[in-house]
Amino acid sequence: MGDANLDRIYEASGSAEMRELYDKWAEKYDADVEGSGYETPRRIAETLAELVPDKDTPLLDYGCGTGLSGVALAAQGFSTIDGCDLSEKMLHRARERECYRNLELIEPGQSLPKSIADYEVVAAVGVISKGAAPPSVYGEVLHMMKPGAILIFSLNDLSLAEPEYASLAEESAKAGQVEIVSSVHGPHLTGYEDNSGSTVTVVRKLG
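Residues numbered from 1 in each chain as written. Predicted model: local features only at pLDDT ≥ 70, side-chain atom pairs only at ≥ 80, totals over all residues. Heavy atoms only, no water.

*Asks:* Please explain the sheet that holds strand β3 (residues 102-105) as it appears in this structure.
*Replies:* Through backbone hydrogen bonds, the strands of a sheet pair up, either in parallel or in antiparallel fashion. Reading across the sheet, the 7 strands line up as β3-β2-β1-β4-β5-β7-β6 and stay open at both edges, with mixed pairing between neighbours. Lying at the two open borders of the sheet, with one neighbouring strand each, are β3 and β6 (178-187). Strand-to-strand twist in this sheet, taken as the mean axis angle between neighbours without regard to direction, amounts to 15°. Bridge count between strand β2 (residues 81-85) and β3: 4 bridges; the pairing is parallel. Residue pairing across strands places aspartate 82 opposite asparagine 102, the latter belonging to β3. (Pairing = 2+ DSSP bridges. Helix = DSSP H or I, 4+ residues; strand = E, 2+ residues; numbered from the N terminus. Axes fitted to C-alpha atoms, helices over the stretch in contact; angles between N-to-C directions.)

As structure tokens, this is what we get:
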């Protein structure tokens, strides 16, 4: 059920290699991850729906992939969703869903869209994690966000086993950069034995 593709992603390193792998995987991605019981987009969307009463609030789906996260957010009533990703073929699939206002391609070596400071909410669904962006991206995202903005992100079980990922929110809170709003562990890829859970964490950037 897509485990071979998942294994390759979790072993990859570098944004150029990630782009190549995701471009090749784009046509089968949805079937593979949904066939493996991909629950994290729904959990993130439901968490945001409770925290953000104004569903017209513009939000950035950072690392949106094929748009499964956008679909989940739209199902919770969010109407102004922008996305970005490093895979053009993934973005092509996301465009077909018609739930995004704007979609932007990130080039390898380019860290973040400059527009990130315009958003009250940034969602990173399975992005800042092993097999995707390195831990340093968390700090880059926070640096560019405006004070008071919310970042919601997930860490899968494989990432939680790595101290540099697992401590991201706690260390930034200790440094006075964020307030941790919530952090809840739950289902992620329920059919993928070695990586079945994830923690969904919400932090608010302090001024």
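*Asks:* Can you walk me through the pattern of salt bridges in this structure?
*Replies:* Two side chains with opposite charge may pair up if their charged atoms get near one another. Evaluation of the coordinates by the stated rule reveals 7 salt bridges. Linking aspartate 82 and arginine 101 is a salt bridge whose minimum nitrogen-to-oxygen distance equals 2.7 Å. A residue pair is termed long-range when its members are at least 10 positions apart, and aspartate 82 in strand β2 and arginine 101 in the loop between α5 (88-97) and β3 qualify at 19 residues. Accessibility expressed as a relative area gives 48% for arginine 101, which makes it partly exposed. One network of salt bridges, with partners in common, ties together Glu39, Arg42 and Glu46. (Salt bridge = Lys/Arg side-chain N within 4 Å of Asp/Glu carboxyl O. Buried < 20%, exposed > 50% of the residue type's maximum accessible area, 1.4 Å probe, protein only.)

*Asks:* Could you clarify how one ought to interpret helix α6 (residues 136-144) in this entry?
*Replies:* Residues that lie three or four places apart on an α-helix share one face, since the helix turns once every 3.6 residues. When α6 is considered as a whole, its buried residues turn out to be Val137, Tyr138, Val141 and Leu142. Along α6, the residues classed as buried sweep out an arc of 140° about the axis, all on the same side. At its buried positions, α6 is contacted by β1 (59-62), β4 (121-124), β5 (150-156), α9 (168-174), β6 and β7 (197-205). (Arc of directions from axis to C-beta. Contact = heavy atoms within 4.5 Å.)

*Asks:* Explain the pairing of β1 here, please?
*Replies:* In summary, the side chains of a regular strand alternate between the two faces of the sheet. Of the two faces of β1, both are covered, the one formed by Leu59 and Asp61 as well as the one formed by Leu60 and Tyr62. When β1 meets β2, the two strands line up parallel, connected through 4 bridges. Opposite leucine 60, over in β2, you have aspartate 82 as the bridge partner. Regarding topology, helix α4 (residues 68-75) serves as the crossover connection from β1 to the parallel β2, and that connection is right-handed. The pairing of β1 with β4 spans 3 bridges and is classified as parallel. Each residue of the ladder has a partner; that of leucine 59, found in β4, is valine 121. (Right-handed = clockwise from strand over helix to strand, strands pointing away.)

*Asks:* Honestly, the packing of helix α3 (residues 40-51) against α4 in this entry has me stumped. Any pointers?
*Replies:* In a pair of packed helices, the angle between the axes and the distance between the axes together describe the arrangement. The geometry of α3 relative to α4 is characterised by a closest axis approach of 8 Å and an angle of 35° between their N-to-C directions. Here the hand of the crossing between α3 and α4 comes out right-handed. Residues Pro41, Arg42, Ala45 and Leu48 of α3 pack against Leu68, Ser69, Ala72 and Leu73 of α4. Per-class residue counts for the contact of α3 with α4 are 6 nonpolar, 1 polar and 1 charged. (Left-handed = near helix turned anticlockwise from the far one by under 90°. Nonpolar A, V, L, I, M, F, W, Y, C, P; charged D, E, K, R; others polar.)

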